[in-house]
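Read off the chains here:
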Amino acid sequence: MATVETVLSSIFSTIPELHSGQLGLLSGVLVGILYWHGYRRSSLALLTAFYLLALGVVPAPAKGLVVVQSKPWYFCSFLLLTSLGAIGGYALWARVARLSRLRTRLSDVGPSDW
């Protein structure tokens, strides 16, 4: 009888697309974290570097990068989706926070002060 551990280990050890997608997701999370913490230019430079590395512009010295360069579609898709999701989430969060502060200021003034 197959256990969850044996099934997962067989999936994760045999499918390079899954490895490539996982690395793209983790790389996108890293780019998103940098962006959320205020390192805007650095995060966009890292996003560009990851993307160019996946496309093979830079040769792959490590085994993980060979997997990424053999299946760049999965890596790049997850990288871009995760990164742009984090950047869009930050923009939405900043806009909601700004509107909330504006409403608080307007309610502190009151209609009699207009």
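For every chain, the first residue of the written sequence is number 1, and numbering continues from 1 onward in sequence order. Residue-level local features of this predicted model are given only where pLDDT is at least 70; pairs of side-chain atoms are given and counted only at 80 or more, and the full residue set underlies all totals for whole chains, interfaces and linings. Side-chain descriptors were evaluated using all non-hydrogen atoms of the structure, hydrogens and water having been removed beforehand.

(A) Looking closely at the overall build of the protein. A run of DSSP states H or I qualifies as a helix once it reaches four residues; a run of E qualifies as a strand once it reaches two. Both are numbered from the N-terminal end. Looking only at helices and strands, the protein features five helices and zero strands. For the protein, the succession of helices and strands along the chain, N to C, is α-α-α-α-α. A total of 114 residues make up the protein; the buried ones form 20% of that total. Within the protein, contacts between residues separated by at least 24 positions form 60% of all contacts whose residues are at least 6 apart in sequence. If you sum the accessible surface of the protein, you get close to 8,200 Å²; carbon and sulfur atoms cover 69% of it. Partly exposed residues are those whose accessible area sits between 20% and 50% of the maximum for their type, while under 20% is buried and over 50% is exposed, using a 1.4 Å probe and protein chains only. By definition, residues are in contact when any of their heavy atoms lie within 4.5 Å. Surface accessibility in these figures is a Shrake-Rupley result with a 1.4 Å probe; residues are shielded only by whichever protein chains are displayed.

(B) Geometry of a nonpolar patch on the surface. Patches here are clusters of residues that have more than 30% relative accessible area and form no salt bridge, with a 9 Å joining cutoff for like charges and a 5 Å cutoff for nonpolar side chains (Val, Leu, Ile, Met, Phe, Trp, Tyr). For this document, the term salt bridge refers to a Lys or Arg side-chain nitrogen within 4 Å of an Asp or Glu carboxyl oxygen. A surface patch of nonpolar side chains, amounting to about 590 Å² of accessible area, comprises Tyr51, Leu52, Leu55, Val57, Val58, Leu80 and Leu84. Elements represented by at least two residues in the nonpolar patch include exactly helix 3 (40-55) and helix 5 (72-109). For the nonpolar patch, the leading source of residues is helix 3, giving three residues. Structurally, Leu52 can be placed in helix 3.

(C) Structural context of the confidence of the model for the protein. Confidence of the predictor at the level of single residues is given by pLDDT, which spans 0 to 100. Chain-level statistics for the protein give a pLDDT mean of 81 and a share of 75% at 70 or above. Here helix 1 (residues 4-14) stands out as the element of the protein with the lowest mean pLDDT, 66, in contrast to helix 3, whose mean of 90 is the highest.

(D) Here's a closer look at the nonpolar core. Residues Val31, Leu47, Phe50, Ala54, Val68, Phe75, Cys76 and Leu79 constitute the largest nonpolar core, which totals eight residues. Among the secondary structure elements, those contributing two or more residues to this core are helix 3 and helix 5. In contact with Val68, other than residues within four places in its own chain, are Ser20, Leu23, Ala54 and Phe75. We define the nonpolar core as a collection of buried residues of types Ala, Val, Leu, Ile, Met, Phe, Trp, Tyr and Cys that are connected through side-chain atoms lying within 4.5 Å of one another.

(E) Representation of the packing of aromatic side chains in the model. Working definition: a ring pair exists when centres of Phe, Tyr or Trp rings (six-membered ring for Trp) sit within 6.5 Å. Plane angles under 30 degrees give stacked, over 60 give edge-to-face, the rest tilted. All told, the structure shown has four aromatic pairs when counted by the stated rule. Ring geometry for Trp36 and Trp93: centres 5.7 Å apart, planes at 35°, overall tilted. Of this pair, Trp36 sits in helix 2 (residues 16-36) while Trp93 sits in helix 5; the two residues are 57 residues apart in sequence, bridging distant segments of the chain. With relative accessibility at 38%, the residue Trp36 sits in the partly exposed group. With a centroid separation of 6.0 Å and an interplanar angle of 40°, the aromatic rings of Tyr90 and Trp93 are classed as tilted. Here Tyr90 pairs with Trp93, and both are found in helix 5, just three residues apart, close to one helical turn. By relative accessible area, which is 18% here, Tyr90 ends up buried. By relative accessible area, Trp93 is classed as exposed at 51%.

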